Amino acid sequence: MAEGDPIPRVLVVDDEPNIRELVQVALKFHGCAVTSGASGKEALQRALTDHPDLIVLDVMLPDIDGFEVCRRLRAQANDVPVIFLTARDTTSDTITGLALGGDDYITKPFSVEALVARVRAVLRRTTRQAGGTGSPDGASAEGTTLRAGDLELDEETWTVRRGGTPVELSPTEFRLLAYLMRNQGLMLTRKQLLENVWGWEYAGQSQVLETYVSYLRRKLDPLGPPLIHTQRGVGYSLRPP
């Protein structure tokens, strides 16, 4: 992590001791303060007492699986970033984890370097959020409010309204919509969106982006004309009607 930055607190939860130790050592080497747990129950308890900045969470835990842990955290309005770690590598599992509010999904076996890079990317992104964003580019703004037609997004209170109707969004949905609104009218490539919303250094995992665009459409389109448009083979743009 950058010199002078506060030390990020990472909670690592996995029932395999060798994986726990491997991830702990790697993250401590890169400047994180790391605590660990071996069960879903421990994950929920430590999330409450340790206030981690990020959780690396195994899905296949012996008591409460990682998906249920994440579901309970979100139900408690705990938006701590979660990176799922699992041996299951299917599209349905990936979408399930992300739909529950997970920020990333890494399959075993994994390279330690790749895991550390993902952790750093998520921490960078959440640090930028906590520090606020710069003036919007392409969207009309008043203070922290972005506007596109009848759609309003307040970056300070994390609220969204369309035509005056509140729209409930997950943290990742909110970040994606905010980026689209700051750049409304522009055609944004999949690579741009992944790097700026997820913080990834590469343009892989496009299914994640497509899944979240579909989530946004499902919530916004019933309230008015479509706002998010697809350019096949290129990416997406947000354009007011």
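Values in this document were obtained by computation on a predicted structure and should not be read as measured data. (Residues numbered from 1 in each chain as written. Predicted model: local features only at pLDDT ≥ 70, side-chain atom pairs only at ≥ 80, totals over all residues. Heavy atoms only, no water.)

S.K.: Could you give an account of the overall build of the protein, naming the residues involved and the relevant values?
M.R.: The helix and strand inventory of the protein stands at eight helices and 13 strands. Taken across its 241 residues, the protein has 46% of its residues classed as buried. For the protein, contacts bridging at least 24 residues in sequence account for 58% of all contacts bridging at least 6. On the protein, roughly 11500 Å² of surface is accessible, and the fraction owed to carbon and sulfur atoms is 51%. (Helix = DSSP H or I, 4+ residues; strand = E, 2+ residues; numbered from the N terminus. Buried < 20%, exposed > 50% of the residue type's maximum accessible area, 1.4 Å probe, protein only. Contact = heavy atoms within 4.5 Å. Areas by Shrake-Rupley, 256 points an atom, 1.4 Å probe, with all protein chains shown as cover.)

S.K.: Tell me about the packing of helix H6 (residues 171-182) against helix H7 (residues 190-198), and name the residues and values.
M.R.: For the pair H6 and H7, the least separation of the axes is 10 Å and the interaxial angle reads 125°. With respect to H7, the axis of H6 lies oblique. H6 and H7 meet at a crossing whose hand is right-handed. Here Thr 172, Arg 175, Leu 176, Tyr 179 and Leu 180 of H6 come into contact with H7, specifically with Gln 192, Leu 193, Asn 196, Val 197 and Trp 198. Considering only residue class, the contact of H6 with H7 consists of six nonpolar, three polar and one charged. (Axes fitted to C-alpha atoms, helices over the stretch in contact; angles between N-to-C directions. Parallel < 35°, antiparallel > 145°, perpendicular 65-115°, else oblique. Left-handed = near helix turned anticlockwise from the far one by under 90°. Nonpolar A, V, L, I, M, F, W, Y, C, P; charged D, E, K, R; others polar.)

S.K.: Which residues make up unusual backbone geometry, and what values do they have?
M.R.: That bond from Lys 108 to Pro 109 is cis: its omega, -5°, falls within 30 degrees of zero. With respect to the helices, strands and loops of the structure, Pro 109 is situated in the loop between strand E5 (104-107) and helix H5 (112-130). Positive phi is not limited to glycine here, since Ala 77 has a value of about 65°. Following the sequence through the fold, Ala 77 ends up in the loop between helix H3 (66-75) and strand E4 (82-86). By relative accessible area, which is 61% here, Ala 77 ends up exposed.

S.K.: Account for the packing of aromatic side chains, naming residues and giving values.
M.R.: Using the criterion set out here, one finds three aromatic pairs in the structure. Judged by centre distance (5.2 Å) and plane angle (80°), the ring pair of Phe 67 and Phe 84 falls under edge-to-face. Of the two residues, Phe 67 is situated in helix H3 and Phe 84 in strand E4; the sequence distance between them amounts to 17 residues. With respect to class, Phe 67 is no different from Phe 84; both count as buried. (Phe/Tyr/Trp six-rings, centres within 6.5 Å; stacked < 30°, edge-to-face > 60°.)

S.K.: Give a description of the packing of helix H2 (residues 40-49) against H3 that names residues and reports values.
M.R.: Close contact between H2 and H3 brings their axes to 9 Å; oriented N to C, the two are set at 25°. Compared by their axis directions, H2 and H3 come out roughly parallel. In the crossing of H2 with H3, the sense of the turn from one axis to the other is right-handed. In contact with Gly 40, Ala 43, Leu 44 and Ala 47 of H2, H3 contributes Val 69, Arg 72 and Leu 73.

S.K.: How would you explain the environment of Val 23 if you had to name every residue and give the values?
M.R.: Turning to its location among the elements, Val 23 is positioned in helix H1 (residues 17-29). When its relative accessible area of 2% is taken as the criterion, Val 23 is described as buried. When the C-alpha atoms of Val 23 and Val 56 are compared, they prove to be 9.0 Å apart, with 33 residues separating the residues in sequence. Ignoring anything within four residues of it in the chain, the contact list for Val 23 reads Val 12, Phe 110 and Leu 115.

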